[in-house]
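Structural characterization, general
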Amino acid sequence: MLNGLYTVARGMIAFKRENDVLANNLANVNTTGFKSEQVVYQSFPEILMSRLDESGEHFIGSKGTGSKVVETFTNFQQGHLQKTDNPLDLAIEGPGFFVVQTPWGIAYTRSGHFTLNQFGQLVTEDGYPVLGENGPIETFGKPIAVGEDGIIEIDGVQSDRIRLVDFADLQQLEKVGKNLYRAGGGIRETRAEGLVRQGYLEGSNVNVILGMTQLITATRLYEVSQKMIQSQDETLSKAVNDVGRTNG
Amino acid sequence: MIRSLWTAASGMQAQQLNIDNIANNLANVNTAGFKKSRVNFQDLMYETIKEAGTPNAQGSISPNGIEIGNGVRPASVQRLFTQGNFQQTGNPLDLVIEGDGFFQIQLPDGSTAYTRDGSFKQDGDGRIVTSDGYPLFPEIYIPEDAVGININADGTVSVMLAGEEEPQEIGQLELARFANPAGLSSSGRNLFKATVASGAPIIGNPGMEGFGTIAQGYLEMSNVQVVEEMVNMITAQRAYEINSKTIQASEEMLRTVSNLKR
């Protein structure tokens, strides 16, 4: 009897979690290089039901026990390129990530709104150096030109190349906030095929229409689940208060 | 209670700051030497509910974890030092820098400020000053009997004195540039101050290594592109609306929960 209540309640928890993920997508609709996420549902394992009587155990069928969110899946689809004309804005067209040196190690980002620090190094807005193939990229305060292939020219002289990396399985990347990703153990960097576009930023790839539709669906399914809990509660109430009435 | 309420609220706050900044850009669309700024956003930290790569009940490794983000935050308001449009004025003390560099201005407290606004004037002593009366540094005095002022691309200032045939050189403009101009702090009145983030000023003559040249009789207008700002305003407004819808949806869910028990 009570199993149904728990099944539906699990669904409500899952829809709430989906709502959290959708809210984060929509909050980041204007965040450079942001990649949207979606939740993946999975049903709990079905259970077999059987009846026991004098002649033994009889299989009478199976029953679902609800669903849960098993994973969040990051959609790495390309965001639109937005022209800014700022020479320190870089976007990647196609696959790949910029490599950033943070105090806790190497991180990766698609967000290319870079700036210079007081030493003339190319850094993220948090001050983490962006890495070229020879380490941090020095501009010496001079004009910087970046080619499609990532080759950096400082004041017309070729100096370094932007380090772009890709991964065989992007889903292994861990989002750490600040537009950064971290690669856990066991994932190897591969060569990136993407092109670097100077003077552009990659917008967030959040699909607003899809996001709003999913939000509506999650909210309504939540409501439906609530109604189901209520009706089950009513049935339970009947069983307890009416069927079991003793004073007739 | 419902995380998405706070997540969406962070989105609304971020877009509000975005609109504030766009409003300031648009308000300064006709300010000489004004440099537009832009708000950059970052996603907030993620809560990892399940690590990727953990074995699942069936014994295989689940490729993805469950990560739930907590919204967005403005990471920086970045000033963009792209060149503004030139406006021809014909006024001999209106100067623009074509390329990199700032004019140096001496403030009354003895400190130096930097500006791209080249609408200079003379004060009562003939000294070249800004619209607020702060002198250009190094100071240049224009003699009372000067009939013409000529400022060269390399910053040399010469005047034609009444009754003379040859122009006379009276000074040299110097410019400052910075390793990271975006790190300058704006103090209003079209002035910037050096900070640790900008690095120390590098002083030099116009047209020298890395410095822009001077054009006389022009003003550098703001680098605000009205169309771009209007588009940014529309996207910011819609993003704000979308986040308010998320709050509504979350609120509805919360109400649903409270209606669960009758």
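No experiment lies behind these values; they were computed from the predicted model shown.

Things to note about unusual backbone geometry
Along the chain, Phe137(B) connects to Pro138(B) via a cis peptide bond; the corresponding omega equals -10°. You will see that Asp85(A), though not glycine, has its phi angle at about 65°, which is positive. Residue placement: Asp85(A) occurs in the loop between strand 5 (81-83) and strand 6 (90-93).

As for a negative patch on the surface
Negative charge collects at one region of the surface, where Glu144(B), Asp145(B), Glu164(B), Glu165(B) and Glu166(B) lie side by side. In this fold, Glu165(B) is placed in the loop between strand 13 (156-161) and strand 14 (168-172).

A look at the domain arrangement of chain A
Size of an interface, as often reported, equals the accessible area lost when the parts are brought together. Residue and element names in this part refer to chain A. The domain architecture assigned to chain A consists of domain 1 (2-49 + 63-75 + 207-230) and domain 2 (81-202). Using C-alpha coordinates to define each centre, domain 1 is positioned 34 Å away from domain 2. Contacts between the two partners involve eight residues from domain 1 and, on the opposite side, ten residues from domain 2. Carbon and sulfur atoms make up 44% of the area that domain 1 and domain 2 hide from each other, which totals about 770 Å².

Things to note about the environment of Ile106(A)
Relative to the elements of secondary structure, Ile106(A) occurs in strand 8 (residues 105-109). A C-alpha to C-alpha distance of 23 Å links Ile106(A) and Gln77(A), two positions 29 residues apart in sequence.

Notes on the UniProt feature "domain: Flagellar basal-body/hook protein C-terminal" (unreviewed entry) in chain B
The UniProt feature table records "domain: Flagellar basal-body/hook protein C-terminal" (unreviewed entry) at residues 215-260 of chain B. With 72% helix and 11% strand, residues 215-260 of chain B has its two end C-alpha atoms placed 73 Å apart.

A closer look at the UniProt feature "domain: Flagellar hook protein FlgE/F/G-like D1" (unreviewed entry) in chain A
The positions UniProt marks with the feature "domain: Flagellar hook protein FlgE/F/G-like D1" (unreviewed entry) are residues 91-153 of chain A. Between the C-alpha atoms that bound residues 91-153 of chain A the distance is 17 Å, and the span itself is 0% helix and 44% strand.

Observations concerning the packing of helix 1 (residues 3-27) of chain A against helix 2 (residues 208-243) of chain A
Residue and element names in this part refer to chain A. It is at 9 Å that the axes of helix 1 and helix 2 come closest, and there the two elements cross at 160°. In terms of axis orientation, helix 1 runs roughly antiparallel to helix 2. Both helix 1 and helix 2 take part in a crossing whose hand is left-handed.

How each quantity is defined
Residues numbered from 1 in each chain as written. Chains lettered and ligands numbered in written order. Predicted model: local features only at pLDDT ≥ 70, side-chain atom pairs only at ≥ 80, totals over all residues. Heavy atoms only, no water. Helix = DSSP H or I, 4+ residues; strand = E, 2+ residues; numbered from the N terminus. Patch = residues over 30% accessible without salt bridge, like charges linked within 9 Å, V, L, I, M, F, W, Y side chains within 5 Å. Areas by Shrake-Rupley, 256 points an atom, 1.4 Å probe, with all protein chains shown as cover. Salt bridge = Lys/Arg side-chain N within 4 Å of Asp/Glu carboxyl O. Lys, Arg positive; Asp, Glu negative; His and termini not counted. Charge placed at Lys NZ, Arg CZ, Asp CG, Glu CD. Domains from an automatic or database assignment. Contact = heavy atoms within 4.5 Å. Buried area = accessible area lost by both parts, 1.4 Å probe. UniProt positions renumbered as here; feature names shortened; annotations may be inferred. Axes fitted to C-alpha atoms, helices over the stretch in contact; angles between N-to-C directions. Parallel < 35°, antiparallel > 145°, perpendicular 65-115°, else oblique. Left-handed = near helix turned anticlockwise from the far one by under 90°.

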